[in-house]
Amino acid sequence: MPVPFETLIPYGIIIAMFGVTGAGLSKIKHMQNGGKRARRSIDQWDRQMMERDRRLTGMLRGQTDSPIAPDGFELSNAWKTEKRIA
């Protein structure tokens, strides 16, 4: 006995929604990374360099080839300094 095609419509809608959601999340992650592929297995060194790049360029994954740091970069240090007792 054949199955009426109307019973398969909900399954088609569910599969289509999973596809749309997956594509949307992939696109959002792609846009958040500045148009680059998503990073995986990020260790402490990578986090440190990504934070440095964010302070230099304003984007987490942005990079610059300028040998001179922009104005104010010396004040945007991630390390907090303490005032030494003279």
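Use the structure listed above.
Residues numbered from 1 in each chain as written. Predicted model: local features only at pLDDT ≥ 70, side-chain atom pairs only at ≥ 80, totals over all residues. Heavy atoms only, no water.

Novice: With reference to specific residues and values, describe helix H2 (residues 44–57).
Specialist: A rise of 1.5 Å per residue sets the reference length of H2, with its 14 residues, at 20 Å; its end C-alpha atoms lie 20 Å apart and thus fit the reference within 8%. When H2 is considered as a whole, its buried residues turn out to be Met-50, Asp-53 and Leu-56. All buried residues of H2 lie within an arc of 120 degrees about the axis, which places them on one face of the element. (Helix = DSSP H or I, 4+ residues; strand = E, 2+ residues; numbered from the N terminus. Expected span 1.5 Å × (residues − 1). Buried < 20%, exposed > 50% of the residue type's maximum accessible area, 1.4 Å probe, protein only. Arc of directions from axis to C-beta.)

Novice: So, a nonpolar patch on the surface: which residues are in play, and what are the values?
Specialist: Nonpolar side chains collect at one region of the surface, where Val-3, Leu-8, Tyr-11, Ile-14 and Phe-18 lie side by side and expose about 580 Å² of accessible area between them. Tracing the backbone through its elements, the reader meets Tyr-11 in helix H1 (residues 9–32). For Tyr-11, a relative accessible area of 55% translates into the label exposed. (Patch = residues over 30% accessible without salt bridge, like charges linked within 9 Å, V, L, I, M, F, W, Y side chains within 5 Å. Areas by Shrake-Rupley, 256 points an atom, 1.4 Å probe, with all protein chains shown as cover. Salt bridge = Lys/Arg side-chain N within 4 Å of Asp/Glu carboxyl O.)

Novice: An account of the environment of Gln-32 is requested, with residue identities and associated values reported.
Specialist: Position of Gln-32 among the secondary structure elements: in helix H1. With relative accessibility at 63%, the residue Gln-32 sits in the exposed group.

Novice: Go over H1 with me, naming the residues and quoting the values.
Specialist: If you check H1, its first and last C-alpha atoms are 35 Å apart, about what 24 residues at 1.5 Å a residue would give, namely 34 Å. Two residues or fewer past H1, Gly-34 is found with a positive phi of approximately 70 degrees.

Novice: Hey, could you go over the pattern of salt bridges for me, with residue numbers and the actual values?
Specialist: Per the counting criterion, the structure on display carries 3 salt bridges. Between Arg-39 and Asp-46 there is a salt bridge, with the nearest N and O atoms lying 3.2 Å from each other. Ionic pairing is found between Glu-51 and Arg-54, a salt bridge with its closest N-O pair at 2.5 Å. Linking Glu-51 with Arg-54, this pair stays in helix H2, spanning 3 residues, or about one helical turn. Residue classification places Glu-51 among the partly exposed positions, given a relative accessible area of 28%.

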